[in-house]
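# Summary of structural features
Listed below are the residues making up each chain.
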Amino acid sequence: MLKKAFFLAAVCALPLAACNRHSSQVDPVAYQQDIDTWRAKRLTNVTGPDGWTTLVGLYWLKPGANRFGSAGESELKLASAGFPAQAGTFDFDGKTVSFTAAPGAGVTSGGRPVTTLKLLTDADPDPMAPTVLNLGSVSFYAIQRVDRYGV
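Since the structure is predicted, the reported quantities are computational estimates derived from the model, not experimental observations.

Turning our eyes to something else, we now look at unusual backbone geometry. A cis amide bond links Ala129 to the next residue, Pro130, at an omega of -5 degrees. Looking at the element boundaries, Pro130 is found in the loop between strand S7 (116-119) and strand S8 (133-135). Despite not being glycine, Val146 shows a phi value in the positive range, around 60 degrees. Mapping Val146 onto the fold places it in the loop between strand S10 (143-145) and strand S11 (148-150).

Right, here's the structure in full:
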């Protein structure tokens, strides 16, 4: 019986000894630096020019033409001072999104004026995805969330 008790105590002590040895190998200064680095990067990502704090709208696309602008009849309405009544139209066929700019709206992508353009969504594997459109201080792009597409 004594041998069983000794064996049981030894078996229980081994995992505790292993845990204790492992935790002493963690450098607390390096660990804190890793956390601080992650926090700084996260803050930059959230509050930067393309971060979540700059989001002004999320519009889910319906099949067909989705007019985008500040006009009341726009399916995707962005009521903002100086934003054109009609910026353009997002055409959605259920799998792909294209954009046709309204004449004179001034929509650009990559610094070039846009007339009509097939858009890469944020879910496309292409390294150039997503296709970002710009109009004044507003940037917008197509997103895919499972089977839903939005801007």
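Another aspect to go through is the sheet that holds strand S2 (residues 76-77). Working definition: the strands of a sheet are paired by backbone hydrogen bonds and lie parallel or antiparallel to each other. The strand order across the open sheet formed by five strands is S2-S1-S3-S4-S7, and the pairing between neighbours is mixed. The open sheet has two edge strands with one neighbour each: S2 and S7. As paired elements, strand S1 (residues 64-69) and strand S3 (residues 88-92) share five bridges and run antiparallel to each other. Bridge pairing links Phe68 to Gly88 in S3.

Another point: the pattern of salt bridges. Pairing between side chains becomes possible if they bear opposite charge and their charged atoms approach one another. Throughout the structure, instances matching the rule amount to two salt bridges. Here Glu75 ties to Arg67 by a salt bridge, and the two come within 2.9 Å at their closest N and O atoms. The class of Arg67 is partly exposed, set by a relative accessible area of 31%. Across the pair Arg145 and Asp122 runs a salt bridge whose closest N-O atoms are separated by 2.6 Å. Linking Arg145 in strand S10 with Asp122 in the loop between S7 and S8, this pair joins segments that are 23 residues apart in sequence.

Ring pairs (aromatic) are described by centroid distance and by the angle formed between their planes. Per the stated rule, a full pass over the model turns up eight aromatic pairs. An aromatic cluster of at least three residues, connected via ring pairs, comprises Tyr59, Phe68, Phe83, Phe90, Phe99 and Phe140. Geometry around Trp60 places Arg148 over its ring, the cationic atom sitting 4.0 Å from the centre.

In this section: the pairing of S3. Counting buried positions over the five residues of S3 gives four, a clear majority of the element. Where S3 and strand S4 (residues 97-101) come together, five bridges link them in antiparallel fashion. Looking across to S4, one finds that Phe92 is bridged to Val97. Counted along the chain from S3 to the antiparallel partner S4, the turn is four residues long, and its residue Gly94 has a positive phi close to 100 degrees.

Turning next to the side chain of Asn66. Take Asn66: it is sitting in strand S1. Polar contacts involving the side chain of Asn66 include one to the main-chain carbonyl oxygen of Lys62, which spans 2.8 Å. A polar atom in the side chain of Asn66 sits 3.1 Å from the backbone oxygen of Gly64.

This brings us to the layout of surface pockets. The calculated volume of the largest pocket comes to roughly 780 Å³. Lining the largest pocket are 26 residues, with Asp50, Thr54, Leu55, Ser139 and Tyr141 positioned closest to its centre. Of the residues in the lining of the largest pocket, the class split is 16 nonpolar, six polar and four charged.

Another aspect to go through is the nonpolar core. In this structure, Phe68, Phe90, Phe99, Val107 and Phe140 are the most contacted members of the largest nonpolar core, which totals 24 residues. Going through the elements one at a time, S3, S4, S8 and strand S9 (138-140) are the ones with two or more residues in this core. It is S4 that provides the largest number of residues to this core, a total of three residues. Filtering out sequence-adjacent residues up to four positions away, Phe68 remains in contact with Tyr59, Ser74, Leu76, Leu78, Phe83, Ala85, Gln86, Ala87, Gly88, Phe90 and Phe140.

Criteria and thresholds
- Residues numbered from 1 in each chain as written.
- Predicted model: local features only at pLDDT ≥ 70, side-chain atom pairs only at ≥ 80, totals over all residues.
- Heavy atoms only, no water.
- Helix = DSSP H or I, 4+ residues; strand = E, 2+ residues; numbered from the N terminus.
- Pairing = 2+ DSSP bridges.
- Salt bridge = Lys/Arg side-chain N within 4 Å of Asp/Glu carboxyl O.
- Buried < 20%, exposed > 50% of the residue type's maximum accessible area, 1.4 Å probe, protein only.
- Phe/Tyr/Trp six-rings, centres within 6.5 Å; stacked < 30°, edge-to-face > 60°.
- Lys NZ or Arg CZ within 6 Å of the ring centre and 35° of its normal.
- Polar contact = N/O pair within 3.5 Å; in protein donor to acceptor, adjacent residues only side chain to side chain.
- 1 Å grid on protein atoms, 1.4 Å probe; cavity = no way out; pocket = protein on both sides within 12 Å on 5 of 7 lines; lining within 4 Å.
- Points joined across faces, edges and corners; volume = space filled by probe spheres on them.
- Nonpolar A, V, L, I, M, F, W, Y, C, P; charged D, E, K, R; others polar.
- Core = buried A, V, L, I, M, F, W, Y, C linked by side-chain atoms within 4.5 Å.
- Contact = heavy atoms within 4.5 Å.

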